[in-house]
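# Geometric and topological summary
The primary structure of each chain is shown beneath.
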Amino acid sequence: MRFLRVCAFGLAALFWQVTAAAAPPQPAGPIDPAGAREQLKIGYGLAQEGKCAEALPHLLESLRLDARAITLLNLADCEEKTGKLTDALVHWADARARAAAEGQRPIEEEASARAAALEPKMPRLTIVLASTAPPDATVERDGIALGSPSLGVPLPLDPGPHTITVKARGHEPASKEVTLAEGEKQTIEVEAGPALATPPPPPPPKLPVEETKSGGMSPLVPIGFGVGAVGIIAGTITGLMTLSRASEINDACPNKQCRDSADRDNAESAQSLGTVSTVAFIVGGVGAAVGVVGLLTGGKKTEPKVDVGFGPTNLVLRGRF
């Protein structure tokens, strides 16, 4: 068999250019026959040294640059030796078809013989989905989704470990490991994983809370600052009027001695305005203080109460905070 492969390689190298015109069309895209031939030589040399794993990248590159039967022949041989049996079987078939198109009978015969010899060595795995699985369950083998026509069929696989996963809505993924030996045939039944736990119900919506109980702005704020603003404005106006009257009284009543009753009335009126101005400023200050207290105590459930009273000569402030 090795002698036949060496002869095939020599024949293919000899007739490389001769068979170029007779070969079927290449895949779309530019080709590089010279580069492909060089990569084939490197890959072939490594394969002869028993380094098929190192030879594979060069053989694949040669196939990409210019697909030839001899390249497929050497590629399939290295894949079979490295345990890539499924790839090897595909490339043996491709080599047979390519050799027939190129008119290279020796390569075609060897590819056919090698493919036939490989078939009994090919492991096969039959996957059956349990009848209790949910209708929407899907099966993956080594990350590849399998359609329903692939279930229950002995499909070829490479020797070694494989992972089968079943996924279904509302169920946890279920995985099963299986290891196949060369030529082994296995059948496994798979099921969906356990049902997912029911999520807890959402928390009940929060009921709206009245502002007076949830820490809204205290009514003392607008009341206090409003009274304060009015008091300050009134005190300012009456204060200015008092200053104006005081200038006139000083001229009419030197040393506070008024000449007639009219001047004395004016003096008493100015004194009253001064008292009103003072009281107004006091009220404004108290109002501002109440507003500040409202800001500091905002959010308390106690409803504040403020009473302001005026006496003949004083101001009375009563409140509950």
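Just so we're clear, the structure is a prediction, and the values are computed from it rather than from any experiment.

Criteria and cut-off values
Residues numbered from 1 in each chain as written. Predicted model: local features only at pLDDT ≥ 70, side-chain atom pairs only at ≥ 80, totals over all residues. Heavy atoms only, no water. Helix = DSSP H or I, 4+ residues; strand = E, 2+ residues; numbered from the N terminus. Buried < 20%, exposed > 50% of the residue type's maximum accessible area, 1.4 Å probe, protein only. Contact = heavy atoms within 4.5 Å. Areas by Shrake-Rupley, 256 points an atom, 1.4 Å probe, with all protein chains shown as cover. pLDDT = per-residue confidence, 0-100. Pairing = 2+ DSSP bridges. Axes fitted to C-alpha atoms, helices over the stretch in contact; angles between N-to-C directions. Expected span 1.5 Å × (residues − 1). Arc of directions from axis to C-beta. Salt bridge = Lys/Arg side-chain N within 4 Å of Asp/Glu carboxyl O.

## Considerations on the overall build of the protein chain
- Assigned secondary structure in the protein chain consists of eight helices and nine strands.
- Out of the 321 residues in the protein chain, the part that is buried amounts to 33%.
- Restricting the contact set of the protein chain to residue pairs at least 6 apart, pairs at least 24 apart contribute 64%.
- Here the protein chain displays about 19,200 Å² of accessible surface, and carbon together with sulfur accounts for 60% of that area.

## Some remarks on the confidence of the model for the protein chain
- When pLDDT is averaged along the protein chain, the result is 78, and 63% of the positions lie at 70 or above.
- In this model residues 1-25 is a low-confidence stretch, pLDDT under 50, and it forms 41 contacts with partners more than four residues away in sequence or in other chains.

## Some remarks on the sheet that holds strand β3 (residues 144-146)
- Read from one edge to the other, the open sheet built from four strands follows the order β3-β2-β5-β6, with strand pairing classed as antiparallel. If you trace the sheet from one side to the other, it starts and ends with β3 and β6 (174-180), each paired once. With direction set aside, neighbouring strand axes in the sheet form an average angle of 30°.
- Relative to β3, strand β2 (residues 138-141) is paired through three bridges, and the arrangement is antiparallel. In the strand pairing of β3, R141 is matched with I144.

## Brief notes about helix α6 (residues 105-118)
- Taking 1.5 Å per residue, 14 residues should reach 20 Å; α6 reaches 20 Å between its end C-alpha atoms and fits that length.
- Where α6 is concerned, the buried positions are I107, E108, E110, A111, R114, A115 and L118. Down the axis of α6, the buried set is contained in an arc of 170°. They therefore lie on one face. When the buried face of α6 is taken as reference, the exposed residues oriented beyond 90 degrees from it are R105 and A116.

## What to know about the pattern of salt bridges
- With the rule as written, the count across this model stands at 14 salt bridges.
- The closest approach of N and O atoms between K51 and E49, which form a salt bridge, is 3.5 Å.
- Residue K51 is classed as partly exposed on the basis of its relative accessible area, which comes to 35%.
- Measuring nitrogen to oxygen at the nearest pair gives 3.9 Å for the salt bridge that ties E110 to R114. Here R114 and E110 lie together in helix α6, a separation of four residues that amounts to about one turn.
- Assessed through its relative accessible area of 1%, E110 is described here as buried.
- With relative accessibility at 10%, the residue R114 sits in the buried group.
- Members of the salt-bridge network, linked through shared partners, are D77, E80, K81, E110, R114 and K121.

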